Amino acid sequence: RQESEIPIDIHTLKLQDWLVSRRIVPKNVQKEIKDIHTKISNALQDMPSNEQLIKLLTRTNINYYHVKEIIEILKHTEKDTKSVFGTYGSQRMKDWQEISRLYEKNATYLAETAQIFVRNVNYEIPGLRKQMSKLEQQTDESLKRAHDLNKPETQLLAEHSALLDQLGVKGDSLHAEFLEVVSGLPDLYTKSLQGIGQIQAGIDLYSEVSGHKQPLPILSHLVEFGNTTVYQYIHKEAPLVIEESPIRLNISESADTKDCDNRGNEIDFGTDDNGGTSSTVSAEIIDYGDYGENDGGAIDWGIESAPTDAVEINFDIPVEEYGIVVEGTGMDGGTAKGDQAYTLLDSPNYRDRFLDEIYELESFLRMRLYELKHLETSSDIMFSLMDNIATHDTESIKKILSSVEKIILQSSDEQTRHLFQLKHSPKYADLLASKLQQMIKAVEKMRSTREALKKRAAELREQRQQLNPVLEELITQTCTLQSYIEKDISKRYKNRVVNLMGGVN
């Protein structure tokens, strides 16, 4: 095989060292390249107006092959300065011809071309591809994050809708809607106590087992009379007048408590508009003593007074005109105020006691079921005692227990608890309103974040698309430089085939 047929394989990483080792370019070629770049910068200051030149000079890096193209263009623009000897009188042409000669001296152009080629292969092209890959990754991440926001947004909207459903409001005007739904609490209490008469047998059984005549007084009262006022539960008679405290909802956005606050600052002197005693004065704190019918209506004050100035008092005026309620018999009663004006299930104190009693009855019935199931196999004394009380079997106990559990479930559901807190805790309305508002703000923030992420993804995708022509141009330039280098080295070695290994893929 002849020497001319043996190819010359040069690895890209070792190209510059190969050129120096073969003494094609000198070791200190970088200094010459720097001087040439200085002359190019000076020559660019004075250039003719030509479209081809403008297009060519827009490239950032001008190398030897660009200089050759500039000279060819100047041959047409500076042809008027050409002499009969083939030389040009134009300084522009002289400057670029000088630059070309400096490039060709000591094969400086080949050293620079190899330097640009290696830099493109090892750094520029991989760096650009890495940047494009990073932009693609950031685009995918932005879209994924935008998609991931759908789930928490849906959850928040579901929680917001569920809370509104629990409260029974739409959320348009919370203050008015809260007042409206709170007014429906009595209906919820009535609904929760439906079938409460079915637990009377359980109360009787508990009383029989415990030995107490009335172990669950509130439950017994509810079974017999229903959800009456606390006043009726305490005094065993219904009140004539119920003065329930007004409902106050302290929602930060509302400003309709001004009149109530002003009234709260006034002093009540116990008089009405006609100068009489206020109708709210309780008869319980006024002691009129006893007076006889034979005393002629005179009041003995313990002092003597002139008979001519005596004032005759008419006791025939009904005491009701002075707001005095004398508790009598039967269904007569007084005025229910404060906590006593609430119903048993609506009073904060008595509601807790009701729940304690209903849970106590539930626990007893569960224990009774357990005892009935293990009665035959157990020798415990308590079980033996319970065996003597055979008024209920397992099925009847289960039926009573089912009624108890139904009452517990309905009286402690989410809507009832929310409305109860709204009525008796002024700050609770503001807490609920703030919670609903925070949910809406969180949803709006998620939506704005998602839109921002989508916009960011679109911008990143656009940046990625803009890099495509840059990469294509860089690859084309690198392939051209590779071709120049291979041809130049091939000429120096009798046209042998030259292969630059590890070039552009």
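Every chain is numbered on its own, with residues counted from 1 as its sequence reads. Selection of residues for local features in this predicted model requires a pLDDT of at least 70, selection of side-chain atom pairs for listing and counting requires 80 or more, and totals for whole chains, interfaces and linings are taken over all residues. Hydrogens are left out, water is left out, and the side-chain values use all remaining heavy atoms of the structure.

Visitor: How would you sum up the pattern of salt bridges? Please name residues and give values.
Guide: For salt bridges, the criterion is a side-chain nitrogen of Lys or Arg within 4 Å of an Asp or Glu carboxyl oxygen. For the coordinates displayed, the defined rule picks out 17 salt bridges. The shortest N-O distance in the salt bridge between Arg-464 and Glu-136 comes to 2.7 Å. Residue Arg-464 is located in helix 18 (residues 426-492), and its partner Glu-136 is located in helix 6 (residues 108-148); the two are separated by 328 residues in the primary sequence. Buried residues are those whose accessible area, probed at 1.4 Å on protein chains only, stays under 20% of the maximum for their type, while exposed residues exceed 50% and partly exposed ones sit between those limits. Classification of Arg-464 as buried rests on a relative accessible area of 16%. Since its relative accessible area comes to 37%, Glu-136 is described here as partly exposed. Note that Glu-414 is salt-bridged to Arg-417, the shortest N-O span being 2.5 Å. Strands here mean DSSP runs of E at least two residues long; helices mean DSSP runs of H or I at least four residues long; both are numbered from the N terminus.

Visitor: Got a sec to walk through the side chain of His-418? Specific residues and values, please.
Guide: Topologically, His-418 is positioned in helix 17 (residues 414-424). Among the residues examined, His-418 registers a relative accessible area of 10% and is labelled buried. Contact between two residues is taken to exist if any of their heavy atoms lie within 4.5 Å; hydrogens are not considered. Sequence-distant contacts of His-418, that is, excluding residues within four places in its chain, are made with Leu-163, Gln-166, Leu-167, Tyr-428 and Leu-432.

Visitor: Which residues make up the packing of helix 5 (residues 91-104) against helix 6, and what values do they have?
Guide: The axes used here are C-alpha line fits, helices contributing only the stretch in contact, and every angle between their N-to-C directions lies in the interval 0 to 180 degrees. One way to put it is that helix 5 packs onto helix 6 with a least axis distance of 5 Å and a crossing angle of 80 degrees. When the interaxial angle is binned, helix 5 and helix 6 end up roughly perpendicular. Facing helix 5, whose interface residues are Leu-102, Tyr-103 and Glu-104, helix 6 presents Thr-108, Tyr-109 and Glu-112. For the contact of helix 5 with helix 6, the class distribution of residues is three nonpolar, one polar and two charged. By the definition adopted for this analysis, an angle is roughly parallel if under 35 degrees, roughly antiparallel if over 145, roughly perpendicular if from 65 to 115, and oblique otherwise. Under the scheme applied, nonpolar residues are Ala, Val, Leu, Ile, Met, Phe, Trp, Tyr, Cys and Pro; charged residues are Asp, Glu, Lys and Arg; polar residues are all the others, including Gly.

Visitor: Explain the pairing of strand 1 (residues 8-11) to me, and be specific about the residues and the numbers.
Guide: Alternating residues of strand 1 divide into Ile-8 and Ile-10, all buried, and Asp-9 and His-11, none buried. Of the pairings in the sheet, the one linking strand 1 to strand 4 (residues 498-501) comprises four bridges and is parallel in character. For Ile-10, the partnering residue across the bridge sits in strand 4 and is Leu-500. Between any two strands, pairing holds if DSSP finds at least two bridges.

Visitor: How would you explain unusual backbone geometry if you had to name every residue and give the values?
Guide: Its identity as a non-glycine residue notwithstanding, Lys-236 has a phi of 65 degrees, on the positive side. Locating Lys-236 in the fold gives a position in the loop between helix 12 (230-235) and strand 2 (241-243). Looking at Lys-236, the relative accessible area reads 63%, which means it is exposed. For Lys-494, which is not a glycine, the phi torsion comes out positive at approximately 55 degrees. On the secondary structure map, Lys-494 appears in the loop between helix 18 and strand 4.

Visitor: If you had to explain the packing of helix 4 (residues 64-77) against helix 5 to someone new, which residues and values would you point to?
Guide: Axis angle and axis distance: for two packed helices, these are the angle between their axes and the distance between the axes, and together they describe the pair. Two elements in contact, helix 4 and helix 5, have axes whose closest approach is 10 Å; the angle formed by their N-to-C orientations is 150 degrees. Here helix 4 lies roughly antiparallel to helix 5, going by the angle between them. Of the two elements, helix 4 crosses helix 5, and the hand of that crossing is left-handed. Contacts from Tyr-64, Val-67, Lys-68, Ile-70, Ile-71, Leu-74 and Lys-75 of helix 4 reach helix 5 at Arg-92, Met-93, Trp-96, Gln-97, Ile-99, Ser-100, Tyr-103 and Glu-104. Left-handed describes a crossing in which the near helix is turned anticlockwise from the far one by less than a right angle; the clockwise case is right-handed.

Visitor: Any details on the confidence of the model for the chain? Residues and values, ideally.
Guide: The pLDDT value tells you how sure the predictor is about a given residue, anywhere from 0 up to 100. The pLDDT averaged across the chain works out to 80; a share of 79% of its residues lies at or above 70. Within the chain, helix 6 carries the highest mean pLDDT (95), whereas helix 13 (residues 258-264) carries the lowest (38). Long-range and interchain partners of residues 254-332, a stretch whose pLDDT sits below 50, account for 49 contacts in this model, where long-range means more than four residues apart.

Visitor: Explain the packing of aromatic side chains to me, using residue names and the numbers behind them.
Guide: Between the rings of Phe, Tyr and Trp (Trp by its six-membered ring), a pair exists once the centres lie within 6.5 Å; its type follows the angle of the planes, with under 30 degrees stacked, over 60 edge-to-face, and the other angles tilted. Applying the stated criterion across every chain yields a total of seven aromatic pairs. Centre to centre, the rings of Tyr-64 and Tyr-65 are 5.3 Å apart; their planes meet at 75 degrees, and the pair counts as edge-to-face. In this pair, the class of Tyr-64 matches that of Tyr-65, namely buried. The interplanar angle of 25 degrees and the centroid separation of 3.8 Å between the aromatic rings of Tyr-65 and Tyr-484 together place this pair among those described as stacked. Residue Tyr-65 is located in helix 4, and its partner Tyr-484 is located in helix 18; the two are separated by 419 residues in the primary sequence. Counting every residue linked through ring pairs, the aromatic cluster contains Tyr-64, Tyr-65, Tyr-103, Tyr-109 and Tyr-484. For a ring to carry a charge above it, either NZ of a lysine or CZ of an arginine must fall within 6 Å of the ring centroid while also lying within 35 degrees of the normal to the ring plane. The residue whose ring lies beneath Arg-351 is Phe-420, and the NZ or CZ to ring-centre distance is 5.0 Å.

Visitor: Please provide a residue-by-residue account of helix 9 (residues 185-192), values included.
Guide: Along helix 9, the residues that are buried comprise Leu-185, Leu-188, Tyr-189 and Ser-192. Down the axis of helix 9, the sector holding all buried residues measures 100 degrees, keeping them to one side. Opposite the buried face of helix 9, by more than 90 degrees, sit the exposed residues Asp-187 and Thr-190. Note: the arc covers the axis-to-C-beta directions of the helix.

Visitor: Tell me about the environment of Leu-157, and please be specific about residues and values.
Guide: Mapped onto the fold, Leu-157 is located in helix 7 (residues 150-167). Judged by relative accessible area, Leu-157 falls into the partly exposed class, the value being 33%. Considered as a pair, Leu-157 and Val-443 are 286 residues apart in the sequence and their alpha carbons are 7.4 Å apart. Aside from chain neighbours lying at most four places away, what touches Leu-157 is Val-443 and Arg-447.

Visitor: Outline the environment of Ala-458, supporting the account with residue identities and numerical values.
Guide: Mapped onto the elements of the fold, Ala-458 is located in helix 18. Sequence spacing of Ala-458 and Ser-142 is 316 residues, and the spatial spacing of their C-alpha atoms is 9.4 Å.

Visitor: Please set out the nonpolar core residue by residue, giving values where relevant.
Guide: Throughout this description, the term nonpolar core refers to a set of buried Ala, Val, Leu, Ile, Met, Phe, Trp, Tyr and Cys residues connected via side-chain atoms within 4.5 Å. With 50 residues, the main nonpolar core has Phe-178, Ile-199, Phe-354, Leu-361 and Leu-422 as its most contacted residues. No other element matches the nine residues that helix 14 (residues 348-373) contributes to this core. Excluding residues within four positions of it along the chain, Leu-361 makes contact with Ile-199, Gly-202, Ile-203, Tyr-206, Leu-216, Leu-219 and Val-404. Membership of the second largest hydrophobic core comes to 42 residues, among which are Leu-15, Met-47, Met-93 and Tyr-103.

Visitor: Describe the side chain of Asp-346, and please don't skip the residues or the numbers.
Guide: Along the chain, Asp-346 falls in the loop between strand 3 (335-337) and helix 14. By relative accessible area, which is 3% here, Asp-346 ends up buried. We call two N or O atoms a polar contact when they sit within 3.5 Å, provided that within protein one can donate a hydrogen and the other can accept it, with sequence-adjacent residues counted only if both atoms are side-chain atoms. Only 2.9 Å separates the side chain of Asp-346 from the side chain of Tyr-189, close enough to count as a polar contact. For Asp-346, the residues in contact, after removing those within four places along its chain, are Leu-185, Tyr-189, Glu-244, Phe-420, Lys-423 and His-424.

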